[in-house]
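A look at the structure
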Amino acid sequence: MDRDGLLRLLGGLRTARIDAVRAPHKPLLLLWLFGRSAGTGSSQARYADAEEPVSRLINEFGPPARPATARQRAAMPFVHLERELWDLRDGSGTEIGPHAPERRTWLLDRDAVGRLRPEVEDLLAIPANLAAAARLLLDLHFMPVLAELIRDEVDLDLDAADRPTTVVRRRRRRAGFAEEVLRAYAYQCAMCGFDGALGRNPVGLEAAHVRWHSQHGPDRLDNAVALCSLHHTLLDLGVLGLTGERLVRVSELYVARTEAGRRIEALAGVPLSVPRPAGKLVDVAFIDWHDKQVFKSPAG
């Protein structure tokens, strides 16, 4: 296996959706393993040690889970990660196949231990390859604001290394898309009205996708809204959402102690500004996607 082969495998991960909801479990397990490998020189991890940090990553950066399953979400990728990348064995050294039960008790009872295959570890020992692999997973499965948070969470420093080249390319945004969105919303945040500018240039305003660009969200006005940087970040994190009537939602899981933080709670029920032309309101299909895939509602 060479670098291109590794990136091809990572770009083709099977990430079957669970009840039609995105399942970034494998990318998050891999990113955690990348950080572990970079920090210790080995990706080897017992399930007992991986369960808490990997489940926390999936809970934080994936869709909400029911309380009964939230603590064991690491079991699925631990079992089903592609065997071209991953070697999984029980405490006696016997290989565990990809059709094993994805249950925490089953894995704990067998003292399951996983490790990226030696040829994969060897490739990832080269900093440029590690950075390329991590950036590929982040670009394909997450929005930029989440990518930064995930990098910090798994302790990966990628700033000085090369980007991936020819194997899998991130879909480019349509030229002029951001300017079209900002112009439609009169260069103001559609939630709070912020309209800061430095001279003639707007500052702190961004074109936000409702259905993420990385998840096949189109570069169209009916999938976009102009937001200040703060509210764009909170939309992508699932703190903020939208109703079918284009009213702002605030997650019940959001908490704040200061008056400044509580200003976010005051956005609940505020109507989005209407873009020009008014016929280009955010499509309810994209709002529904965000509600199911991103917005942090209390799990039932």
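A brief look at the structure comes next. (Residues numbered from 1 in each chain as written. Predicted model: local features only at pLDDT ≥ 70, side-chain atom pairs only at ≥ 80, totals over all residues. Heavy atoms only, no water.)

1. Description of helix 13 (residues 284-293)
To keep things clear, this is the line we draw: Throughout this description, buried means an accessible area under 20% of the type-specific maximum (1.4 Å probe, protein chains only), exposed means over 50%, and partly exposed covers the range between. Comment: elements are numbered from the N terminus, with helices defined as DSSP H or I runs of at least four residues and strands as E runs of at least two. This arc corresponds to the set of directions leading from the helix axis out to the C-beta atoms. Contacts are assigned to residue pairs with any non-hydrogen atoms lying within 4.5 Å of each other. Under this definition, polar contacts are N or O atom pairs within 3.5 Å; protein pairs additionally need one hydrogen-donor-capable and one acceptor-capable atom, and for neighbouring residues in sequence, both atoms have to be side-chain atoms.
Listing the buried residues of helix 13 in full gives Phe286, Ile287, Trp289, His290 and Gln293. Take helix 13 and look down its axis: the buried residues cluster within an arc of 155°, on one side only. Those residues of helix 13 that are buried are in contact with helix 11 (229-237) and strand 8 (240-242). Sitting at the amino-terminal end of helix 13 is Asp283, which places a side-chain oxygen 2.7 Å from the backbone nitrogen of Ala285.

2. A few points about the packing of helix 2 (residues 25-40) against helix 3 (residues 47-61)
Put simply, the rule reads: In this analysis an axis means a line fitted to C-alpha atoms, helices contributing only their contacting stretch, and an angle means the value between N-to-C directions, from 0 to 180 degrees. Each angle is binned into one of four classes, with values under 35 degrees roughly parallel, values over 145 roughly antiparallel, values of 65 to 115 roughly perpendicular, and all other values oblique. Left-handed is the label given to a crossing in which the near helix is rotated counterclockwise from the far helix by less than a right angle, and right-handed is the label when the rotation is clockwise. Following the grouping adopted for this structure description, the nonpolar residues are Ala, Val, Leu, Ile, Met, Phe, Trp, Tyr, Cys and Pro, the charged ones are Asp, Glu, Lys and Arg, and the polar ones are all others, Gly among them.
It is at 10 Å that the axes of helix 2 and helix 3 come closest, and there the two elements cross at 130°. With respect to helix 3, the element helix 2 is oriented oblique. Handedness of the helix 2/helix 3 crossing: right-handed. Seen from helix 2, the contacting residues are His25, Leu28, Leu29 and Trp32; seen from helix 3, they are Asp49, Ala50, Pro53, Val54, Leu57, Ile58 and Phe61. Grouping the constituent residues of the contact of helix 2 with helix 3 by class yields nine nonpolar, one polar and one charged.

3. Description of the sheet that holds strand 2 (residues 86-89)
Our working rule: One requirement defines pairing of two strands: DSSP has to find at least two bridges between them.
The strand order across the open sheet built from three strands is 1-3-2, with neighbouring strands paired in antiparallel fashion. In this open sheet, the two edge strands, each paired with only one partner strand, are strand 1 (45-46) and strand 2. Taken together, the four bridges between strand 2 and strand 3 (residues 113-116) define a ladder with antiparallel strand orientation. Bridging across to strand 3, Asp87 finds its partner in Arg115.

4. Some details on the pattern of salt bridges
Applicable threshold: By definition here, a salt bridge exists when the distance from a side-chain nitrogen of Lys or Arg to a carboxyl oxygen of Asp or Glu is within 4 Å.
This model, assessed by the stated rule, comprises 15 salt bridges. We note a salt bridge from Glu153 to Arg56, for which the minimum N-O separation is 2.6 Å. Of this pair, Glu153 sits in helix 9 (residues 144-154) while Arg56 sits in helix 3, and the two are 97 residues apart along the sequence. Residue classification places Glu153 among the partly exposed positions, given a relative accessible area of 42%.

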